[in-house]
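# Working through the structure, step by step
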Amino acid sequence: LMRRLETQRLGRVTFLPLNILARNMREQRIEYPESSDVCSLMERCLKFDEEVRPAMQQVFGRKLLAKDWDVGSQWADSSNLDCVTLDGELFQRNGAVSGGWHDSNSLKLQNYLQLRAEKGKLEEA
């Protein structure tokens, strides 16, 4: 996989060792706010196998889903958790804000996999 990513310039990938993450997860307790304006992104919005919970918590555990810009800004500032709005803006607990439009055609790995799938369909026909 790594060689293919490199030779075909498909992008980067990060591997998360589940055994180490599971150990760290036991030590880390996240307290989510009780509010109708925000919820845990991981617990409320994502479905995954329990065996990958440590990786999901590493990536999504400190993220809240906020109903709008104002709420996201407020909770990121006060809760020490990152907030993602329904419109896709990201308010990070360190004060950074990300948002705007993203060109999905620039995702090289996604495009490569789609091209490969389409080639497979053509070969079957």
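Refer to the structure presented above.
Numbering of residues starts from 1 in each chain and follows the order in which that chain's sequence is written. Local features in this predicted model are restricted to residues of pLDDT 70 or higher, and side-chain atom pairs are both shown and tallied only at a pLDDT of 80 or more, whereas totals for entire chains, interfaces and linings draw on every residue. Here the side-chain values reflect all heavy atoms present in the structure, with hydrogen atoms and water set aside.

## With respect to the pattern of salt bridges
- Whenever a carboxyl oxygen of Asp or Glu lies within 4 Å of a side-chain nitrogen of Lys or Arg, that contact is scored as a salt bridge. Tallied over the full model, the rule gives six salt bridges.
- With its nearest N and O atoms 2.9 Å apart, the salt bridge here joins Glu-43 to Arg-53. Taken together, the residues Glu-43 in helix 3 (residues 41-45) and Arg-53 in helix 4 (residues 53-60) connect sequence positions ten residues apart.
- To sort residues, take the accessible area from a 1.4 Å probe on protein chains only and compare it with the maximum for the residue type: under 20% means buried, over 50% means exposed, and anything in between is partly exposed. Exposure remark for Arg-53: the relative accessible area of 17% places this residue in the buried category.
- Salt-bridge contacts for Arg-93 lead to Asp-82; the nearest nitrogen and oxygen are separated by 3.2 Å. Helical segments are the DSSP runs of H or I of at least four residues, strand segments are the runs of E of at least two, and each set is numbered from the N terminus.

## Re the nonpolar core
- Among the nonpolar cores identified, the biggest contains ten residues, and these are Ile-30, Val-38, Leu-64, Ala-66, Val-71, Trp-75, Ala-76, Leu-81, Cys-83 and Phe-91.
- The set of elements that each furnish at least two residues to this core consists of strand 2 (63-66) and helix 5 (69-79).
- Looking at which element gives the most residues to this core, the answer is helix 5, with three residues.
- Sequence-distant contacts of Ala-76, defined by excluding residues within four places in its chain, comprise Leu-81, Cys-83, Phe-91, Gln-92 and Arg-93. Nonpolar core, defined: a set of buried Ala, Val, Leu, Ile, Met, Phe, Trp, Tyr and Cys residues in which side-chain atoms within 4.5 Å join the residues together. We call two residues contacting when some pair of their heavy atoms lies within 4.5 Å.

## Details of the sheet that holds strand 2
- A pair of strands counts as paired when DSSP detects no fewer than two bridges linking them. Strands sit in the order 1-2-3-4-5 across an open sheet of five strands; the sheet is mixed. Because the sheet does not close on itself, it has two edges, and the strands there are strand 1 (38-40) and strand 5 (97-98).

## Let's talk about the packing of aromatic side chains
- Planes of paired rings set the category: under 30 degrees apart is stacked, over 60 is edge-to-face and the rest tilted, where pairs are Phe, Tyr or Trp rings (Trp by its six-membered ring) whose centres lie within 6.5 Å. A complete count under the given rule lists one aromatic pair for this structure.
- Arranged with centres 4.9 Å apart and planes meeting at 80°, the rings of Trp-69 and Phe-91 form a pair that is edge-to-face. With a gap of 22 residues between them, Trp-69 in helix 5 and Phe-91 in strand 4 (residues 90-91) connect regions that are remote in the sequence.
- Its relative accessible area of 48% is what places Trp-69 among the partly exposed residues.
- Accessibility expressed as a relative area gives 4% for Phe-91, which makes it buried.

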